[in-house]
Structures are given as structure tokens and as C-alpha cells.
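What follows is each chain in one-letter form.
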Amino acid sequence: MSGRDALLAQISTEAADAIVGADGRCLENIVRHSGSDVAEVFLDATEESLSVMIVDHGRGFDPETIPANRLGIRRALVDRITGCGGTVRLWSAIGAGTSVVMT
């Protein structure tokens, strides 16, 4: 068994559900909001961590302007991943697309 296979075998059901749910929401947001019909999904695993990066080259947005009452990114991504010990980083700019890395 490789280190990657060993890590994947060790992921809890809670973490697996969080990853699948957050990935699905990212892809759903791309379809709904980005204006792009293409997304790139990268998966990397080491013996210590699993990372997923989702990138689109759509219209992007300014994360600083998301109203506090808009909870999609906070609940669908951040709360899911941090709730099982992970981290989320998001980069976006108007006209430059969006990238999300979940570890």
C-alpha cells in the first residue's frame, strides 16, 4: 500500500463526507455563478494530508464584498472542512476566476 493509499484508508467518514460535500458545492457554484463551463480539480495526498484544489477561469468575485448574511461559502465550504480539522483557502478576483484549496 502506498502512502497515498494508506492516507485514503485512514480518512474518517466525517472527513470524507466533508470533502465530497464541499467539492460538490464548489462545482455547483462554478456552474451557477462563474460563467465558465470548465473547472479543474486537482487532488494530492501525502502520508499526512489530503488536498483538493478546484479552479475556474470564470468571472470571479471580490471575497471582501460578500455580505455577512450570505453563508454559502462559510457553511458549505469553510465550516464543513474546518469542522473535521482541515483548512480552506480561497482566492478570487473580478475577471480572474476563483481557486479554492481544501486540506
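Everything that follows concerns the structure shown earlier in this document.
Residues numbered from 1 in each chain as written. Predicted model: local features only at pLDDT ≥ 70, side-chain atom pairs only at ≥ 80, totals over all residues. Heavy atoms only, no water.

Here we come to the overall build of the protein. The helix and strand tally for the protein stands at three helices and four strands. From first element to last, N terminus to C terminus, the protein shows the α and β order α-α-β-β-α-β-β. C-alpha atoms of the protein, sized along the principal axes, occupy 45 × 25 × 20 Å. Per-residue burial for the protein yields a buried fraction of 27% across its 103 residues. In the protein, the proportion of contacts linking residues at least 24 apart, taken out of those at least 6 apart, comes to 60%. Put simply, the protein shows about 6,600 Å² of open surface, and 53% of that area lies on carbon and sulfur atoms. The averaged location of the 14 negative side-chain charges in the protein is 10 Å from the averaged location of its 9 positive side-chain charges. (Helix = DSSP H or I, 4+ residues; strand = E, 2+ residues; numbered from the N terminus. Buried < 20%, exposed > 50% of the residue type's maximum accessible area, 1.4 Å probe, protein only. Contact = heavy atoms within 4.5 Å. Areas by Shrake-Rupley, 256 points an atom, 1.4 Å probe, with all protein chains shown as cover. Lys, Arg positive; Asp, Glu negative; His and termini not counted. Charge placed at Lys NZ, Arg CZ, Asp CG, Glu CD.)

Moving on, we come to the side chain of Thr 98. Topologically, Thr 98 is positioned in strand β4 (residues 98-102). Looking at Thr 98, its side chain comes within polar contact range of the side chain of Ser 92, at 2.7 Å. (Polar contact = N/O pair within 3.5 Å; in protein donor to acceptor, adjacent residues only side chain to side chain.)

On to the packing of helix α2 (residues 13-34) against helix α3 (residues 72-82), then. The N-to-C vectors of α2 and α3 enclose an angle of 160°; their axes lie 9 Å apart at closest approach. Taken together, α2 and α3 sit at an angle that is classed as roughly antiparallel. Classified by chirality, the crossing of α3 by α2 is left-handed. Listed contacts from α3 to Ala 18, Ile 19, Gly 21, Ala 22, Arg 25 and Cys 26 of α2 are Ala 76, Leu 77, Arg 80 and Ile 81. Of the residues that constitute the contact of α2 with α3, the class distribution is seven nonpolar, one polar and two charged. (Axes fitted to C-alpha atoms, helices over the stretch in contact; angles between N-to-C directions. Parallel < 35°, antiparallel > 145°, perpendicular 65-115°, else oblique. Left-handed = near helix turned anticlockwise from the far one by under 90°. Nonpolar A, V, L, I, M, F, W, Y, C, P; charged D, E, K, R; others polar.)

In total, this model carries two salt bridges according to the counting rule given. When the shortest N-O distance is used, the salt bridge between Arg 25 and Glu 28 registers 3.8 Å. Of the two residues, Arg 25 and Glu 28 both sit in helix α2, three residues apart, roughly one turn of that helix. The class for Arg 25 is partly exposed, based on a relative accessible area of 29%. When the shortest N-O distance is used, the salt bridge between Glu 28 and Arg 32 registers 3.3 Å. With Glu 28 and Arg 32 both in helix α2, this residue pair falls four residues apart, about one helical turn. (Salt bridge = Lys/Arg side-chain N within 4 Å of Asp/Glu carboxyl O.)

All right, on to the sheet that holds β4 then. Strand pairing in a sheet relies on backbone hydrogen bonds. The paired strands run either parallel or antiparallel. Spatially, four strands are ordered β1-β2-β4-β3 in an open sheet, and the strand pairing comes out antiparallel. Strand pairing shows two members of the sheet lacking a second neighbour, β1 (39-45) and β3 (88-92), which therefore form its edges. Here the average twist between neighbouring strands, direction ignored, is 10°. Looking at chain direction, β3 and β4 are connected through five bridges and run antiparallel. (Pairing = 2+ DSSP bridges.)

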